[in-house]
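# Breakdown of the fold
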Amino acid sequence: MRRITIFGATGSIGQNTLDLIARDSEAYQVVALTGDQNIAQLARDAIQHRAEIAITADVHRLDDLRTALSGTGIKAAAGPHALVEAASRPADWVMSSIVGSAGLTPGLRALEQGARLALANKESMVCAGPLMLSTAKAHGAQILPVDSEHSAVFQALIGEDISAVERVIITASGGAFRDWPLEDLANATPEQAAQHPNWDMGQRITIDSATMFNKALELIETKEFFEIHPSKIEAVVHPESMIHALVGFNDGALMAHVGPPDMRHAIGFALHYPHRKPLPVERLDLVALGQLTFRAADETRWPALRLAREVMAQGGLSGAVFNAAKERALDGFIAKRIGFQQIAVVVEEVLSRVLAQPGHIDADITLDNVMNADHLARVRADEIINEIEG
Ligand code: NDP
Ligand code: MG
């Protein structure tokens, strides 16, 4: 039996992971499941999958979790330390699917115990890519990408020589507002932004798809994960979300990964790697599909893409600053304190204020430095949001 832990089990990726595991439950021993606010779901899943321990990130919810698990024999714990402790429990396969930079520390700890880490939490790579890779290497651990684009690139690279790669193209649906007139974007609401045309995902990543901050994070993730020069990485709008990424080689070949927008493919690929096993995803009927279309990713409509280029050029702690600023700006938009287009304004301003301070570009990517940059960026973002609110 393979020992499995899921960070962010109550979220969209976590639930899709549990769906796959439930189909072959004899093969897995669930070690730890974690969540944050959705205590009822966490307890239900812990009981169904006979987890050893269930953890909520919120210490104020521990009593609720204990009550929900009473009499089951399943341990309950809470708080960031409990998450790190859970990551230290021996496991063969760990899903990292907490949303935001809160996912970084548990993922690193799982790598330190040599687990295979299925990485949905792209923020880990954006904030601390070199640290993730060096930690995996030092402990003989492996990181498998779960983001659909990066899983696609990973699959296209199997058996290939990375030095023969000329370009990597990741696709973007364009999100909720891809066809809106530019002048209407100023009035776009969080509720409208949270309607994704193709994918069913958590609220935050869905809004990040509308701003293209999701694609911006993914451009940086591509650079960090595959250690590819930014000049070789592009994003293209592909409204149907059937091609997830393409890898171009020096002989002109372009290998595309095609499949329905269902995260259980990328999760299942990472779960069974290096083998392929049947997965419950739709098989595409190309004739019924008829055609696939592509458009340029317009940096006027989506300034996040231009900011991602700046971050990739700067390196250092700029990824951590970028991500934290985006997380706070997104909070501000969801709370209706700033408008849709001000999310990018806040992030750009935080980048320029924080990176103007010495030591942020050339600092070592240690966990302490990343967490400090993350904290400072959040403080600056809050200041700027207050300034905007006047
Ligand atoms: P969701 O919002 O659906 O779920 C997030 C999970 O993280 C939940 O379990 C939530 O708990 C938990 N959580 C929230 N805040 C914290 C915190 N501060 N500390 C610890 N746990 C916390 O997100 P998704 O599943 O959509 O996304 C998860 C990650 O995967 C993100 O990094 C996202 O970018 C990435 N990803 C997601 C895709 C998707 O299809 N959804 C596709 C590709 C990547 P609770 O719900 O109990 O409050
Ligand atoms: Mg993606």
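## Thoughts on the coordination of the magnesium ion (ligand 2)
Taken together, the protein donors to the magnesium ion (ligand 2) comprise Asp147 (OD), Glu149 (OE) and Glu218 (OE), at separations of 2.1 to 2.2 Å. Between consecutive donor residues of the magnesium ion (ligand 2), the sequence gaps follow D-x1-E-x68-E. You can see Asp147 sitting in the loop between β7 (142-145) and α7 (148-156) and its partner Glu218 sitting in helix α10 (residues 213-226), a full 71 residues away along the chain. The pair Asp147 / Glu218 is uniform in exposure class, with both members buried.

## Details of the domain arrangement of the chain
Each domain of the chain was delimited in the assignment, giving domain 1 (2-145), domain 2 (148-260 + 282-301) and domain 3 (315-390). When each unit is reduced to the centre of its C-alpha atoms, the spacing between domain 1 and domain 3 is 27 Å. Facing eleven residues of domain 1, the contacting portion of domain 3 comprises eleven residues. Summing the contributions of domain 1 and of domain 3, the shared interface buries around 830 Å²; its carbon and sulfur component is 67%. Inspection of the region where domain 1 meets domain 3 yields zero salt bridges. Of all the secondary structure elements, the ones that give two or more residues to the side of domain 1 that touches domain 3 are α5 (104-112) and α6 (122-138). Broken down by element, the side of domain 1 that touches domain 3 gets its largest block of residues, six residues, from α6. Taken together, the residues that form the side of domain 1 that touches domain 3 break down as seven nonpolar, three polar and one charged.

## Remarks on the pairing of strand β6 (residues 116-119)
As defined by bridge partners, strand β5 (residues 93-96) adjoins β6 across four bridges and the pair is classed as parallel. What sits directly across from Trp93, in β6, is Arg116. Of the crossover connections in this fold, the one passing from β5 over α5 to the parallel β6 is right-handed. Inspection of the sheet shows β6 paired to β7 by four bridges, in the parallel sense. Its bridge partner being in β7, Leu119 is matched across the sheet by Pro145. For the handedness criterion, the β-α-β arrangement of β6, α6 and β7 is classed as right-handed.

## Brief notes about the site of ligand 1
The environment of ligand 1 is formed by 24 residues, the closest being Thr10, Asp36, Gln37, Asn38 and Glu123. In this structure, an oxygen atom belonging to ligand 1 sits 3.2 Å away from a main-chain N or O atom of Gly11. Protein contacts shield 85% of the accessible area of ligand 1, which totals 890 Å² for the unbound molecule. Of all the elements in the fold, those that place two or more residues in the shell around ligand 1 are α1 (12-22) and α6. Among the residues making up the shell around ligand 1, the classes are represented as ten nonpolar, ten polar and four charged.

## Structural notes on the side chain of Arg178
Tracing the sequence through the fold places Arg178 in the loop between β8 (165-172) and α8 (190-193). Judged by its relative accessible area of 17%, Arg178 is buried. A distance of 2.9 Å separates a polar atom in the side chain of Arg178 from the backbone oxygen of Ser173.

## A short note on helix α2 (residues 39-48)
Here α2 has its buried residues at Ile39, Gln41, Leu42, Ala43, Asp45 and Ala46. Buried positions along α2 lie against α1, β2 (28-35), β3 (53-56) and α3 (62-69). Looking one or two places after α2, you find Arg50, whose phi comes out positive at around 50°.

Reading the values: rules and limits
- Residues numbered from 1 in each chain as written.
- Chains lettered and ligands numbered in written order.
- Predicted model: local features only at pLDDT ≥ 70, side-chain atom pairs only at ≥ 80, totals over all residues.
- Heavy atoms only, no water.
- Donors = N, O, S within 2.8 Å, 3.2 Å for Na, K, Ca; no water.
- Helix = DSSP H or I, 4+ residues; strand = E, 2+ residues; numbered from the N terminus.
- Buried < 20%, exposed > 50% of the residue type's maximum accessible area, 1.4 Å probe, protein only.
- Domains from an automatic or database assignment.
- Contact = heavy atoms within 4.5 Å.
- Buried area = accessible area lost by both parts, 1.4 Å probe.
- Salt bridge = Lys/Arg side-chain N within 4 Å of Asp/Glu carboxyl O.
- Nonpolar A, V, L, I, M, F, W, Y, C, P; charged D, E, K, R; others polar.
- Pairing = 2+ DSSP bridges.
- Right-handed = clockwise from strand over helix to strand, strands pointing away.
- Near = heavy atom within 4 Å.
- Polar contact = N/O pair within 3.5 Å; in protein donor to acceptor, adjacent residues only side chain to side chain.
- Areas by Shrake-Rupley, 256 points an atom, 1.4 Å probe, with all protein chains shown as cover.

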